[in-house]
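# An overview of the molecular structure
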Amino acid sequence: MKKLALSLASIVVLSGISFAEEGMASVEIVNPFYAGIALGVSSTRGSDADLDFFRSKAGQERMINLTLNAGYDLNKYFAGEVRYTASIAKDDVVEMSGWSLFVKPQYPVDVDIKLYALLGYGGVAVDGVTVSRPVKVDDSGFQWGLGASYSLNNVTDYNIEIYADYTSLANEMDAIYWNGDLKTSADALTAGAAFRF
């Protein structure tokens, strides 16, 4: 309950800042809607296991994920975004899926480059069997991330941007993990492209 309250408070505060910013200066957003697709690598692990995206280790499952996202720019400094993630390749017979609702503070470094943060709430589900023992996670809580995007408007006739980010999808969520942990954490590195319309 505390995680939900923290997530909702973050969303309300950032939304308030967004509307205040809009009142100070009117910023025209030509293509406010966007939708994208990305590939990423995720690490789901028992709370006693260290994070390592690039090497398999005890107490951790690595998966290749496909992520779909869609969002709307409120102004040039704030957006809202939703994501859905599902595993398409994995270390063992374990599958992961997740959903996220984010407030997205963003800072335009120049015309083409933006830095952004992701703050919100989401859920993670992991199910399967590894080392003849079960992995079972189905919980939700606060999520956050950091990333950057680059617009290809100067390179192509289409309104496309590429992006890469890190997201913390779960931090010690309730779980049954094969190494005996009852808490799990999950992180993802994602890179993709979004079309603005």
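Everything numeric in this text was worked out from a predicted model, so none of it was measured.

### Regarding empty space enclosed by the protein
Throughout the structure, instances matching the rule amount to three cavities of 30 Å³ or more. In this model, the largest cavity occupies a volume close to 90 Å³. Around the largest cavity, the lining residues are Gly40, Asn65, Thr67, Arg83, Thr85, Ser100, Phe102, Thr167, Leu169, Ala188 and Thr190. Mapped onto the lining of the largest cavity, the elements with two or more residues apiece are strand S2 (60–73), strand S3 (78–90), strand S4 (93–108), strand S7 (160–176) and strand S8 (183–196). Of the residues belonging to the lining of the largest cavity, the class tally is three nonpolar, seven polar and one charged.

### Quick notes on the confidence of the model for the protein chain
Averaged over every residue, the pLDDT of the protein chain is 82; residues scoring 70 or more account for 79%. Confidence drops under pLDDT 50 across residues 16–27; counting only partners more than four residues distant or on other chains, this segment forms nine contacts.

### Some words on unusual backbone geometry
Unlike most non-glycine residues, Glu172 shows phi in positive territory, near 55°. Assignment of secondary structure puts Glu172 in strand S7.

### Some points on a nonpolar patch on the surface
Nonpolar side chains collect at one region of the surface, where Ile37, Leu39, Ile64, Leu66, Leu68, Val82, Tyr84, Ile88, Trp99 and Leu101 lie side by side and expose about 890 Å² of accessible area between them. Elements with a contribution of two residues or more to the nonpolar patch: strand S1 (33–46), S2, S3 and S4. Mapped onto the elements, Val82 comes out in strand S3.

### Quick notes on the environment of Val126
With respect to the secondary-structure elements, Val126 resides in strand S5 (residues 113–130). Taking the C-alpha atoms as reference points, Val126 and Asp139, 13 residues apart in sequence, are found 9.4 Å from one another. Residues contacting Val126, with those up to four places away along its chain left out, are Thr44, Val94, Glu95, Met96, Val135, Lys136 and Val137.

What counts, and at which threshold
Residues numbered from 1 in each chain as written. Predicted model: local features only at pLDDT ≥ 70, side-chain atom pairs only at ≥ 80, totals over all residues. Heavy atoms only, no water. 1 Å grid on protein atoms, 1.4 Å probe; cavity = no way out; pocket = protein on both sides within 12 Å on 5 of 7 lines; lining within 4 Å. Points joined across faces, edges and corners; volume = space filled by probe spheres on them. Helix = DSSP H or I, 4+ residues; strand = E, 2+ residues; numbered from the N terminus. Nonpolar A, V, L, I, M, F, W, Y, C, P; charged D, E, K, R; others polar. pLDDT = per-residue confidence, 0-100. Contact = heavy atoms within 4.5 Å. Patch = residues over 30% accessible without salt bridge, like charges linked within 9 Å, V, L, I, M, F, W, Y side chains within 5 Å. Areas by Shrake-Rupley, 256 points an atom, 1.4 Å probe, with all protein chains shown as cover. Salt bridge = Lys/Arg side-chain N within 4 Å of Asp/Glu carboxyl O.

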